[in-house]
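Here are the chains, one letter per residue:
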Amino acid sequence: MLMKGREGEMQIGALIVDDEEDIRFLIRTLIEAANRELHVSGEAATGSEALERLDDLDPQVIVLDERMPGMSGTETAALILRRRPGQRIIVCSAYLDAELRQKAEALGIKVCLTKQQIGTIPDVLRELMAENAAGG
Amino acid sequence: MGDLEEPELVRLRQRYDRERRIREEAEAIAEATTRRLYHVAEELARSKEELEKLYAAQRDFIAIASHELQTPIAPIAGFASTMLARWGSMPDGDKRKYVEAIDRQAKRLSELTQAFLAISRIDAGAVEVRPQVIGVGEAIHETLKELGDGASQVGVSCPEDLQVLADPNHLHQILGNYLTNALRHGAGAVEIEAEGVGRWVELRVRDSGEGVPDEFVPRLFEKFARAGSGTTRNAKGTGLGLYIVRGLARAQAGEVWYEHNLPRGSCFAVRLPQPR
């Protein structure tokens, strides 16, 4: 959801989807510490929960884990993109191999990060939104 | 041929016979060689298939092991670097929350490392076993005591004088794993039963939770077995515990298995030898 910050600038909302509570907590911490233009619109522990809350939260970007209970991240992404074509998604997985990259690319997901790169999420969110604003 | 002299005829017949024998021998050799080559080709195809399976299993193991190890490392590294970067401006409450997260994940990493070490010993057939005669009831109560308050309601049924020949540490690990799983996944009452059956002691841990889906039962004691496909998982835990339990039981001449706990729930069993 686009929100206005304290000084009137638009904020980018991110939905964090990961079954690990500490990973969600870390990503939230990183996003909230980054600066005022980023905020967390919500969290979900499974793909199904993310789909349930998607319309209410209306996030600009979804940070999606791959290996979760029930649906995998890419299975969830396929359903999200069917409902919201053009939705910005970042896949953030502990193990990122060529197969997962191919699956993500086939869905049109441009950014795949390993959990080691989790600290770059705020910068990646800004870059994605800048591309979006520029019509990328 | 009528014009040929008798000796010439004999020579020709001998030559014909010799050549026929050579041809027949050559054909027999060719046939045997072809048969051998065919078997070699079959064996090579089988070996190739086995190697491919082994390679796929190895690749899956590396993928899942990397995922499992990376999952606790990411928050440890992430919270530590966040604290280093913001130490001066961080409220004490945040510091505590981050350190708690680091502590949780460090413990998890340590458990995983122990599990991988156990697996490498099991896979190499190098599990060290120091069998002793142990009182089964006593072993059960010691394990329950170590599991703490969560295990205080576990029902125990065990003949007073029942003894088992087992390595005390391995028995403790097997019972601890079964009981932890039952308390974690099984809603409702958890019970542990022990009985002597022939030359064996059979131990069963029952819960009245959701049980294990039929299609998952054959893979239950495999490495990284958790209900769900390769990239999904339906339960917490490493998915290594039951594989280790099976390895430890087999190293002591025992066996493990799963039974449905009718009308509802799971029953995990282990069989170990009774002292003679």
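You'll find the structure just up there.
Residues numbered from 1 in each chain as written. Chains lettered and ligands numbered in written order. Predicted model: local features only at pLDDT ≥ 70, side-chain atom pairs only at ≥ 80, totals over all residues. Heavy atoms only, no water.

Overview of the overall build of chain A
Each helix and strand counted, chain A has five helices and six strands in total. In chain A, the order of α-helices and β-strands from amino to carboxyl end is β-β-α-β-α-β-α-β-α-β-α. Relative to its full complement of 136 residues, chain A shows a buried share of 54%. Contacts in chain A between residues at least 24 apart in sequence constitute 65% of all its contacts with a sequence separation of at least 6. Within the structure as shown, chain A displays about 6100 Å² of accessible surface, and the carbon and sulfur contribution to it stands at 48%. (Helix = DSSP H or I, 4+ residues; strand = E, 2+ residues; numbered from the N terminus. Buried < 20%, exposed > 50% of the residue type's maximum accessible area, 1.4 Å probe, protein only. Contact = heavy atoms within 4.5 Å. Areas by Shrake-Rupley, 256 points an atom, 1.4 Å probe, with all protein chains shown as cover.)

Section: the pairing of strand β4 (residues 61–64) of chain A
Along any regular strand, the residues point their side chains to alternate faces of the sheet. Residue and element names in this part refer to chain A. Burial of β4 is two-sided: the residues V61 and V63 facing one way and the residues I62 and L64 facing the other way are all buried. Examined bridge by bridge, β4 and strand β5 (residues 88–93) share four bridges and lie parallel to one another. Note on β5: the bridge partner recorded for I62 is I89. As a crossover connection, the stretch from β4 through helix α3 (residues 73–83) into β5 is right-handed. (Pairing = 2+ DSSP bridges. Right-handed = clockwise from strand over helix to strand, strands pointing away.)

Quick word on the environment of I12(A)
Residues and elements named next belong to chain A. Its place among the elements puts I12 in strand β2 (residues 10–17). Accessibility expressed as a relative area gives 11% for I12, which makes it buried. Measuring from C-alpha to C-alpha, the distance between I12 and H39 comes to 6.0 Å, with 27 residues separating the pair along the chain. Ignoring sequence-local partners within four residues, the contact set of I12 consists of E37, L38, H39, Q60, V61 and M129.

Structural notes on helix α1 (residues 6–86) of chain B
Each turn of an α-helix holds 3.6 residues, which means side chains three or four residues apart point in the same direction. Taking 1.5 Å of rise per residue, 81 residues should cover 120 Å, and α1(B) covers 116 Å from first to last C-alpha, within 8% of that figure. At Q70(B), α1(B) shows its largest kink, close to 25 degrees, and the proline P72(B) lies no more than four residues downstream. (Expected span 1.5 Å × (residues − 1). Bend = angle between axes of the 7 residues up to and from the residue.)

A few points about the interface of chain A and chain B
With 23 residues of chain A in contact, the opposing surface of chain B contributes 27 residues. A combined buried area of about 2100 Å² lies between chain A and chain B, and 56% of that area is made up of carbon and sulfur atoms. Of all residues in chain A, D22(A), R67(A) and Y95(A) give up the largest surface area on contact with chain B, accounting jointly for 34% of the area buried on that side. Summed over the shared surface of chain A and chain B, the number is three salt bridges. A salt bridge links R108(B) to E20(A); the shortest N-O distance between them is 2.7 Å. Across the contact surface, chain A and chain B share four residue pairs in polar contact (both at pLDDT 80 or more). Here the side of chain A that touches chain B takes seven residues from helix α1 (residues 21–34) of chain A, the largest share from any one element. Tallied by class, residues from the side of chain A that touches chain B come to ten nonpolar, five polar and eight charged. (Buried area = accessible area lost by both parts, 1.4 Å probe. Salt bridge = Lys/Arg side-chain N within 4 Å of Asp/Glu carboxyl O. Polar contact = N/O pair within 3.5 Å; in protein donor to acceptor, adjacent residues only side chain to side chain. Nonpolar A, V, L, I, M, F, W, Y, C, P; charged D, E, K, R; others polar.)

Structural notes on the nonpolar core
In terms of nonpolar packing, the biggest core is built from 47 residues, with L171(B), Y178(B) and L203(B) touching the most fellow members. With sequence-adjacent residues up to four places away left out, Y178(B) is seen in contact with V205(B), F221(B), L242(B), V245(B), V256(B), W257(B), F268(B), A269(B) and V270(B). (Core = buried A, V, L, I, M, F, W, Y, C linked by side-chain atoms within 4.5 Å.)

Here's the deal with the packing of α1(A) against α1(B)
Where α1(A) contacts α1(B), the two axes come as close as 9 Å, and the packing angle between them is 30 degrees. Looking at the two axes, α1(A) sits roughly parallel to α1(B). The handedness of the crossing between α1(A) and α1(B) comes out as left-handed. Between α1(A) and α1(B), the contacting residues are D22(A), I23(A), F25(A), L26(A), T29(A), L30(A) and A33(A) on the first element and T71(B), A74(B), P75(B), G78(B), F79(B), T82(B) and R86(B) on the second. Each residue belonging to the contact of α1(A) with α1(B) can be placed in one class, and the counts come to eight nonpolar, four polar and two charged. (Axes fitted to C-alpha atoms, helices over the stretch in contact; angles between N-to-C directions. Parallel < 35°, antiparallel > 145°, perpendicular 65-115°, else oblique. Left-handed = near helix turned anticlockwise from the far one by under 90°.)

Points about the packing of aromatic side chains
By the definition in use, this model includes six aromatic pairs over all chains. Summarising the aromatic geometry, the rings of F25(A) and Y98(B) are spaced 5.7 Å apart at their centres and angled 55 degrees between planes, so their arrangement reads as tilted. On the criterion of chain membership, the pair formed by F25(A) in helix α1 and Y98(B) in helix α2 (residues 92–123) is interchain, its members lying in two chains. Here Y98(B) falls in the buried class, since its relative accessible area comes to 4%. Judged by centre distance (5.0 Å) and plane angle (65 degrees), the rings of Y258(B) and F268(B) are edge-to-face. One end of the pair, Y258(B), is in strand β6 (residues 255–260); the other, F268(B), is in strand β7 (residues 266–273), with ten residues separating them in the sequence. Y258(B) sits in the buried class, given a relative accessible area of 12%. Among the aromatic residues, those joined into a cluster by ring pairs are Y178(B), F221(B), Y258(B) and F268(B). (Phe/Tyr/Trp six-rings, centres within 6.5 Å; stacked < 30°, edge-to-face > 60°.)

Honestly, it's all geometry; don't read function into it.
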